[in-house]
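# Breakdown of the fold
The primary structure of each chain is shown beneath.
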Amino acid sequence: MNTQHFLISALFIASLTGCAAVATKTNTLSDERILSETGGVLGLSPSELTLVERRTEGVNTYVTLKASNGKTYACTVNGGNLFSFGMTNPPVCNPR
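A brief look at the structure comes next. Here the structure is a predicted model, which means the values were calculated and not measured. (Residues numbered from 1 in each chain as written. Predicted model: local features only at pLDDT ≥ 70, side-chain atom pairs only at ≥ 80, totals over all residues. Heavy atoms only, no water.)

### Focus: the pattern of salt bridges
Scanning the entire structure with this criterion turns up three salt bridges. A salt bridge links E57 to R55; the nearest nitrogen and oxygen atoms lie 2.8 Å apart. The exposure class of E57 is partly exposed, given its relative accessible area of 42%. Residue classification places R55 among the partly exposed positions, given a relative accessible area of 41%. (Salt bridge = Lys/Arg side-chain N within 4 Å of Asp/Glu carboxyl O. Buried < 20%, exposed > 50% of the residue type's maximum accessible area, 1.4 Å probe, protein only.)

### Considering the sheet that holds strand β3 (residues 72-78)
Strand order across the open sheet formed by four strands is β1-β2-β3-β4, with antiparallel pairing between neighbours. The two strands at the open ends of the sheet, each matched to only one other strand, are β1 (49-57) and β4 (92-95). Pairwise comparison of adjacent strand axes, ignoring direction, gives a mean angle of 20 degrees for this sheet. Bridge analysis of strand β2 (residues 60-67) against β3 gives seven bridges, and the strand direction is antiparallel. From the neighbouring strand, N60 faces β3, where its bridge partner is N78. Along the sheet face, helix α2 (residues 31-42) touches β1, β2, β3 and β4 and points at about 110 degrees away from the line of β1. (Pairing = 2+ DSSP bridges. Helix = DSSP H or I, 4+ residues; strand = E, 2+ residues; numbered from the N terminus. Axes fitted to C-alpha atoms, helices over the stretch in contact; angles between N-to-C directions. Contact = heavy atoms within 4.5 Å.)

Shown next as structure tokens:
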């Protein structure tokens, strides 16, 4: 019975790893869309923001933004991939 539980657990973990890889590789968020969505949350125009850094891990895209007023923000955009059909949740942004 222990072997069966181990195999089921290993298969489950492998499938989660595979899903994260698929979500990362199918991310369709453009820089312009990220600036538009994060700008809406921050109350700024996309033209007032510069994307400094971007990385995608699984279903989340993590970005660092610099505003024209000198403030820097760390934002997380969830979605924008095959599993979410390209849709996103509202970004979560915090000042750095």
